[in-house]
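Structural overview for review
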Amino acid sequence: MMFDINNIRPLLEEDTSIVGDNDKIHFDNVKTLKEADEHSLVWCKLEGESLLAQIEATKAKIIVCGNKTEIPDKYQKQKCFIISESPKLQFSKIVNELFNKIINPVIHKTAVIDAEAVIGEGTSIGANTVIGKCKIGSGCIINCNCHIDDNTEIGDRVVIGSSTVIGGTGFGYSRDIDGKLVLFPHVGGVVIKDDVEIGSNTSIDRGSLGNTIISSGVKIDNLVHVAHNVFIGKNSLIIANTVLGGSAIIGENTWIAPSVCLKNGVTIGDNVTVGMGAIVTKNIPDGETWVGNPAMPLEQFMKQRKNG
Amino acid sequence: MMFDINNIRPLLEEDTSIVGDNDKIHFDNVKTLKEADEHSLVWCKLEGESLLAQIEATKAKIIVCGNKTEIPDKYQKQKCFIISESPKLQFSKIVNELFNKIINPVIHKTAVIDAEAVIGEGTSIGANTVIGKCKIGSGCIINCNCHIDDNTEIGDRVVIGSSTVIGGTGFGYSRDIDGKLVLFPHVGGVVIKDDVEIGSNTSIDRGSLGNTIISSGVKIDNLVHVAHNVFIGKNSLIIANTVLGGSAIIGENTWIAPSVCLKNGVTIGDNVTVGMGAIVTKNIPDGETWVGNPAMPLEQFMKQRKNG
Amino acid sequence: MMFDINNIRPLLEEDTSIVGDNDKIHFDNVKTLKEADEHSLVWCKLEGESLLAQIEATKAKIIVCGNKTEIPDKYQKQKCFIISESPKLQFSKIVNELFNKIINPVIHKTAVIDAEAVIGEGTSIGANTVIGKCKIGSGCIINCNCHIDDNTEIGDRVVIGSSTVIGGTGFGYSRDIDGKLVLFPHVGGVVIKDDVEIGSNTSIDRGSLGNTIISSGVKIDNLVHVAHNVFIGKNSLIIANTVLGGSAIIGENTWIAPSVCLKNGVTIGDNVTVGMGAIVTKNIPDGETWVGNPAMPLEQFMKQRKNG
């Protein structure tokens, strides 16, 4: 499908303006600057001379870019520029609106769904996915080969990648007098609120007595382990290969980098940044950045490295 | 189903006693202290004033707790206390006995099972699980979307989480003179003994020439990588996101924390503790605790940090 | 099936010779030195006295070993020795040729394959695997419970382990002015070239605008996360539990150890070695070895540890 500037106008943020020639520009694809053809919509994160060099080099004629660089007349005559304070965000919004495949919601015939499961309108369930006695909201996309076990509650517009397992038994043992390991009971469930997105091959265990809770807007990447009774606050991001230990509490708008490990029971505040590979054994207050093994505040880490 | 103190009596450990009012107490659920209602069975790990505050606050009337705190008369008149040296273990045993769902063993109709597979009595196999030419014992629970490949031998009462893969080809290559990678042969299998529990999204590779061996009572969490020819001794625990490198040997009753990485071929003794995120490149003797990247004995690590 | 030395002769490398008694030697299995019987083919990586002790102890009569040790007459009279500069490689080539199961290529009846998918001759697809609108070459083996999503292109002789997910949505978000996370578009695909091998429970995300590209001969282990737009050069190895951050570039013949984490956008050269558990936040030039959290050149790391 071929679009033009009129398809873009209603999608512009307040801080966005259009400059340059825009009447005859048509686009039907999105590409990188390098791979673009003359019907590509592209974006550029650079400013100044670097931006101008990219504009010169790319075949694209419609470019989303930042607002810190004056676009010379010669380019304005050839191309059209969507100038934004947040070009990546503006580009994402345009593309998500115009190019997202409309998926007809389908519950695949090979999905195995418990007779007591309740599934909302417009929710898609992929091939070979197994759904237990759960409540799933509307407009969700659950991919293939997942297992959503009994006692899981999922909100609206939740997206779950393939081979992800939600509601498995948590891991917590006591040794009896013979050294044998006795499993602590896991009779809780998992609660996933609206607009959560979860990647592939991720495991979210059910709570032992209470629930494991993922608040609205949280994004969880691939291959993440969320142990029993974890609480994740709104709009936080948990990147790939991370372990959230049992009963860990994570605040809102917090960013947990890849390959992080949070000890059982720690509390991480709001607006915290935990760096790649951090091994977190202590609580982290609101707004701080921690890194390292064992993790410590960034300033302390930098000072130690200087002395080391 | 409603239970009373008489259902608990036969499940008590030798070191456990019952105090307080217990004739009229009934329970039909298990919850956290905070979420409990008047028919909840709960436990508390605290002692002293903290325990008493919890007793005061919770609605629960039947509480499993430790033996280091005298329970005042006023509470003994309202509630019933199961006093134990190991309250968590005592609570687990009661709940596991009374509240575990009796699962009727079922081999789900969508499971794909090789004609030569031998499966014991009372073993459940979940939806979409694929079983090769294997021998599986009795009373096992194998969840959904698993792949148990040819040449795997599984004992009795083994539990395996969803999307777990057992018996995949190990990873070991030599470069030939052209730099091309030639796979070392993997003709071995996997042997899993009785009472092993394995989480979801875990991969256990088959041996190259010999077998990969998981001894009885071992517990392996989610997202663990067990490479070819690993040996894990009895009753050891391997927590989430850990890598056990090829031919690594792990003793008995050893605890490997989350996000640990053991180098190919290392030997870890009995009763060892390996801390979160430890990168283990050397053998660890019996009974020691190692942490850090690279891992070292805890005392050495603490000393270095003090000096650092 | 019983083999003899004549089955081996055509498989020998140029640097390999046969010594000892070899006319009456027959073998029908491959085992470890310790578990061998008199019809086992074995190999030994040791030299000198250690090799001789193994030769003495093993029941095997046909032994692949290195060329640095003179084999005494008494052993040459009893056994046959395949003497090679690279005994592991030589052993692998013999075993892979003689003992590899001939698998009749089968597309399992439970596989779910999109009507628009194109699949080459002699490619096997395992039970419950889901294939989208993809192009898959010939002679591939795709195991069970995988999901190969739309817009993936796979070359010839590619092997993929069970529960692996290829082509899932990448992970990249911008916050809008309300703090809500907006997904960056992921309209790219995944390109996997010839002779790539990928383990189980691995996730390879599709590109956002361009493609995620895995060059020919690359080997990827279990539980690896390959983010959007990663490029991996020819014949590189990525070991278990590793994270390759978005748009990371990895050269040829490079070795990434287990539990490594590469930051978004870093460039790793050719012939690089990245050590276990390294947290890589900077580019690594060709031929270097880096380790640690954060990763640094090996020499610098050793020096710091000495001073520490």
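Reading the values: the criteria
- Residues numbered from 1 in each chain as written.
- Chains lettered and ligands numbered in written order.
- Predicted model: local features only at pLDDT ≥ 70, side-chain atom pairs only at ≥ 80, totals over all residues.
- Heavy atoms only, no water.
- Helix = DSSP H or I, 4+ residues; strand = E, 2+ residues; numbered from the N terminus.
- Buried < 20%, exposed > 50% of the residue type's maximum accessible area, 1.4 Å probe, protein only.
- Contact = heavy atoms within 4.5 Å.
- Areas by Shrake-Rupley, 256 points an atom, 1.4 Å probe, with all protein chains shown as cover.
- Lys, Arg positive; Asp, Glu negative; His and termini not counted.
- Charge placed at Lys NZ, Arg CZ, Asp CG, Glu CD.
- Buried area = accessible area lost by both parts, 1.4 Å probe.
- Salt bridge = Lys/Arg side-chain N within 4 Å of Asp/Glu carboxyl O.
- Phe/Tyr/Trp six-rings, centres within 6.5 Å; stacked < 30°, edge-to-face > 60°.
- Lys NZ or Arg CZ within 6 Å of the ring centre and 35° of its normal.

1. What about the overall build of chain A?
Of the regular secondary structure elements, chain A holds 5 helices and 36 strands. Its C-alpha atoms give chain A principal-axis dimensions of about 80 × 60 × 30 Å. When burial is assessed residue by residue, chain A has 57% of its 308 residues classed as buried. In chain A, the share of contacts with a sequence separation of at least 24, taken over all contacts with a separation of at least 6, comes to 21%. Here chain A displays about 12,800 Å² of accessible surface, and carbon together with sulfur accounts for 48% of that area. Looking at charge distribution, chain A has the averaged site of its 29 positive side-chain charges lying 6 Å from that of its 36 negative ones.

2. Brief notes about the interface of chain A and chain C
Opposite the 47 residues of chain A that make contact, chain C presents 43 residues. Approximately 3,600 Å² of surface area, both sides summed, lies buried where chain A meets chain C, with 59% of it carried by carbon and sulfur atoms. Together, Leu223, Met276 and Arg305 of chain A form the three largest contributors to the area buried by chain A at its contact with chain C, with a combined 16%. Between the two partners, chain A and chain C, sit 1 salt bridge. Note that lysine 93 of chain A and aspartate 176 of chain C form a salt bridge whose closest N and O atoms lie 3.9 Å from each other. Mapped onto the side of chain A that touches chain C, the elements with two or more residues apiece are α4 (87-99), β24 (219-220), β27 (237-238) and α5 (298-307) of chain A. By residue number, the principal contributor to the side of chain A that touches chain C is α4 of chain A, which donates 7 residues.

3. Examining the packing of aromatic side chains
A complete count under the given rule lists 21 aromatic pairs over all chains for this structure. An angle of 40° between the planes, with centres 6.3 Å apart, marks the rings of phenylalanine 27 of chain A and phenylalanine 99 of chain A as tilted. A residue pair is termed long-range when its members are at least 10 positions apart, and phenylalanine 27 of chain A in strand β3 (residues 26-27) and phenylalanine 99 of chain A in helix α4 qualify at 72 residues. Phenylalanine 27 of chain A gets classed as buried once you look at its relative accessible area, which sits at 0%. We classify phenylalanine 99 of chain A as partly exposed; its relative accessible area is 21%. Taking 5.7 Å as the distance between ring centres and 35° as the angle between the ring planes, the aromatic pair formed by phenylalanine 184 of chain B and phenylalanine 91 of chain C counts as tilted. With phenylalanine 184 of chain B in the loop between β19 (181-183) and β20 (190-192) and phenylalanine 91 of chain C in helix α4 (residues 87-99), this residue pair bridges two chains. For phenylalanine 184 of chain B, a relative accessible area of 7% gives the class buried. Its relative accessible area of 0% is what places phenylalanine 91 of chain C among the buried residues. Among the aromatic residues, those joined into a cluster by ring pairs are Phe3, Phe27 and Phe99 of chain A. It is lysine 88 of chain A that lies over the ring of phenylalanine 184 of chain C; its NZ or CZ is 5.4 Å from the centre.

4. So, the side chain of asparagine 235 of chain B
Mapped onto the elements, asparagine 235 of chain B comes out in the loop between β26 (231-232) and β27 (237-238). Here asparagine 235 of chain B falls in the buried class, since its relative accessible area comes to 15%. Ignoring any residue separated from it by four or fewer positions in sequence, one finds asparagine 235 of chain B in contact with Arg175, Gly179 and Leu181 of chain A together with Ser216, Gly217, Val218 and Asn253 of chain B.

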